[in-house]
Each structure stands twice: as structure tokens, then as C-alpha cells.
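Architecture and fold: a report
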Amino acid sequence: MKDNTYLRLIKYPGAKNVLTPDIKNVFERSGMKLFVDVFGGSGTVSLNIGAHRIIYNEIDPDLSNLFRHVQEHPERMAQMLRKLISEGEFPPLEKIKGNEKDSNTIERAFNTLIRFTTSFGGMGDTYNTREKSSMGYARKTLEQFSSINRVVKGWKIENLDFREIFKKYDSNSTFFYLDPPYSDRKWYNYNFIREDYMDLRDLMFNSTGKYLMNVNREDEFIAEIFGEPQFTKEYENKNQDVSIGYMPPRVKSFYTNLRNLKLKNGD
Ligand SMILES: C[S@@+](CC[C@H](N)C(=O)[O-])C[C@H]1O[C@@H](n2cnc3c(N)ncnc32)[C@H](O)[C@@H]1O
């Protein structure tokens, strides 16, 4: 995937930028027609998967609301972003917050976009109104906005718990892409407890469709619940920080019901 065609809308903890080419490869080999991004998050995978039919699901209403506005009101969203860039500074978040009780306004969507444009590895909690690299990120988002809208226009956007998604979309032409929250980090507004992994396992193992799940190899109790993965793969750690020293590659474990599937290191 070349850089100029790779789409991204927000910075989000656990976004699968590095894994997306492998997920695309597996989806294409599966022969399935419907791609269901069950834990959609930043939408990075759905934006770049190239499937004809995509369900983007995310339980956090701020994220599903953001993508609904990108889908339905792209001109207005782009205009708000253009204005912000021309002012050269991110406004205080309270100014663009919108009504707290109303989670589906355009102000709320724009607030989410800005929070996750300026954040550094967190849930929008490291907001800095003048950060230069965030302004650069916002400019690139504006450049890509019509391409992002073209892709998102074709999605069905859901805001459901994963259990509902399996019930609604399981079929013999469905591919479930599963990137659940991590067991040992409480990064999201919605995290997982042990029972959630057990429910996910039961749904996966009994599904009619195909699935691919990735987790961190070192995640607590994953192997105990899901058994041994079909394969593992190392990914270069792109968040190198000279003050900490060299960060070793990350190892991901993959679970799938596609037969004879393996991705090797270096593929
Ligand atoms: C590891 S992140 C997914 C990242 C995503 N693949 C990306 O590339 O940005 C896991 C996501 O699952 C969502 N989530 C948590 N509990 C959920 C649930 N019960 N049903 C659906 N989504 C859930 C979280 O809000 C979070 O965005």
C-alpha cells in the first residue's frame, strides 16, 4: 500500500496501520463478500481494505457519530477543518464541544475529529492547541477528505455491541475482522473483561462465516480462552523512542477458521 493512497482519519490507540496489508491479503484469499469490522476504532482497516461491502461497527458513539458525519455531511466537515487550519490554531475543545447530552451533532463529530488529531497515543487526553505536527496531520486529513468520504459513503455504520453484530451479520459470505480491546490495558472508553473474551470465542467458534482475529501474543489469558493461535507474526515497532532505547518487534497472534493460512515474518 503506497503512502499517497493509504487513508487515515484520526490517531487512535491500537490503530492497525501496520497490519492492514496482511488483513487485506487474508480477506482477499477468503473469497468472502461482506467485510465486517467488528471493533472498527479509527476505521483504518475499513478505509483501506478495498471490499465492496463493508460494515464498520464501533460501540463508542463518538466514533460512529464521527463516521456518520463524514458520510453524510462531508462538505460541512471539510469546511470546519479548512477554517481551523486557516486560523493556524486548534480552538479550546469546549468551544467546539456541542451539547453534551446530544451525542449525534456535527459539533460533537468535529470535536472527536480534533481530539484524535491532536492526541499522542491516548484517547484525546494530550490536547495541545498549537502543536505543529498535529496541524500537519490536519492538513493531510483535509487533502484526503474527499477520498475518505468516497470510501465511507459505501459503508453501513453500526454502533452495537459485538454480540449483536454476530447475530445480525453472520452468514456464509461474511468475513469478521476482530481486533478486540487489549486485556491488560484500559485504553478505551469501552474495555473488555474476561467474560467478553469468552463470549467472543463462542461466537467465533460457532460462526458460519470466516473470521480473523489478532491479539498481542503477551495478552493475559488469551491462550487460555482461545487456545493456541493458528500463527504468529512479528511487526516492526514504529514507535521508536530514543529516550527509552530500541523497542523490539511486536508479536501478534492470529486466530482464524480459514484453513492452511499462515503469514510469515517478512511477507
Ligand atoms: C483495538 S481497538 C480497534 C482498533 C481498530 N482496529 C483500528 O484500526 O483503529 C478495539 C475497539 O473495540 C471497541 N469496543 C470495546 N468494547 C466493544 C464491544 N463490546 N463491542 C464492540 N466494540 C467494542 C473499543 O471502543 C475500541 O475502539
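Attention in this report is confined to the structure presented alongside it.

Reading the values: rules and limits
Residues numbered from 1 in each chain as written. Predicted model: local features only at pLDDT ≥ 70, side-chain atom pairs only at ≥ 80, totals over all residues. Heavy atoms only, no water. Helix = DSSP H or I, 4+ residues; strand = E, 2+ residues; numbered from the N terminus. Buried < 20%, exposed > 50% of the residue type's maximum accessible area, 1.4 Å probe, protein only. Contact = heavy atoms within 4.5 Å. Areas by Shrake-Rupley, 256 points an atom, 1.4 Å probe, with all protein chains shown as cover. Phe/Tyr/Trp six-rings, centres within 6.5 Å; stacked < 30°, edge-to-face > 60°. Lys NZ or Arg CZ within 6 Å of the ring centre and 35° of its normal. Near = heavy atom within 4 Å. Polar contact = N/O pair within 3.5 Å; in protein donor to acceptor, adjacent residues only side chain to side chain. Pairing = 2+ DSSP bridges. Axes fitted to C-alpha atoms, helices over the stretch in contact; angles between N-to-C directions. Expected span 1.5 Å × (residues − 1). Arc of directions from axis to C-beta.

Right, let's get into the overall build of the chain. Scanning the chain from N- to C-terminus turns up nine helices and seven strands. Counting all 267 residues of the chain, 50% fall into the buried class. Long-range pairs, those at least 24 residues apart, make up 71% of the contacts in the chain with a sequence separation of at least 6. Accessible surface, the chain as shown: approximately 13,400 Å² in total, 48% of it carbon and sulfur.

Quick look at the packing of aromatic side chains now. Scanning the entire structure with this criterion turns up 19 aromatic pairs. Ring centres of Phe 166 and Phe 176 lie 4.1 Å apart, and the angle between their planes is 25°; on these two criteria the pair is classed as stacked. Placement of the pair is Phe 166 in helix α7 (residues 162-169) and Phe 176 in strand β4 (residues 174-178), with a sequence separation of 10 residues. For Phe 166, a relative accessible area of 4% corresponds to the buried category. The exposure class of Phe 176 is buried, given its relative accessible area of 0%. An aromatic cluster is built from Tyr 12, Phe 116, Tyr 182, Trp 187 and Tyr 188, whose rings are joined through pairwise contacts. Of note, Lys 11 hangs over the ring of Tyr 137, and the distance from its end group to the ring centre comes to 5.1 Å. Note that Arg 194 overlies the ring of Phe 221, its terminal NZ or CZ placed 5.0 Å from the centroid.

Turning to the site of the ligand, a few remarks are in order. In the vicinity of the ligand, 21 residues are found, and the nearest of them are Tyr 12, Ser 42, Glu 58, Asp 161 and Asp 179. The contact in question runs from an oxygen atom of the ligand to an N or O atom on the side chain of Tyr 12, over 2.6 Å. Residue Ser 42 places a side-chain N or O atom 2.6 Å away from an oxygen atom belonging to the ligand. Relative to its unbound accessible area of 610 Å², the ligand is 98% covered by the protein chains.

One open sheet holds the seven strands; their spatial order is β3-β2-β1-β4-β5-β7-β6, and the pairing between them is mixed. The sheet terminates laterally at β3 (155-158) and β6 (231-235), the two strands that pair on one side only. If you compare each strand with its neighbour and ignore which way they point, the axes differ by 20° on average. Alignment of β6 against strand β7 (residues 250-256), held across five bridges, turns out to be antiparallel.

For the rest of this paragraph, the subject is the environment of Leu 113. Along the chain, Leu 113 turns up in helix α5 (residues 106-118). Overall, the relative accessible area of 1% leaves Leu 113 in the buried class. Each C-alpha atom, one on Leu 113 and one on Met 77, is 9.5 Å from the other, the two residues being 36 residues apart in sequence. If sequence neighbours within four positions are ignored, Leu 113 has contacts with Leu 9, Ile 10, Leu 66, Met 77 and Leu 81.

Here helix α8 (residues 194-205) is 12 residues long and its end C-alpha atoms lie 17 Å apart, about the 16 Å a rise of 1.5 Å per residue gives. Along α8, the residues classified as buried are Asp 196, Tyr 197, Leu 200 and Met 204. Summarising the axial view, the buried residues of α8 lie within an arc of 95°, below the 170-degree limit, and thus occupy one face. Each element contacted by the buried residues of α8 is listed here: α7, β4, β5 (210-216), α9 (222-226) and β7.

This part covers the environment of Ser 253. Looking at where Ser 253 falls in the secondary structure, it is placed in strand β7. Of the residues examined, Ser 253 reaches a relative accessible area of 4% and is grouped as buried. Distance from Ser 253 to Arg 217, taken between C-alpha atoms, is 5.1 Å for residues 36 residues apart in sequence. Beyond its immediate sequence surroundings of up to four residues, Ser 253 is in contact with Met 213, Asn 214, Val 215, Arg 217, Pro 229, Phe 231 and Thr 232.

Shape descriptors only; they carry no functional weight alone.
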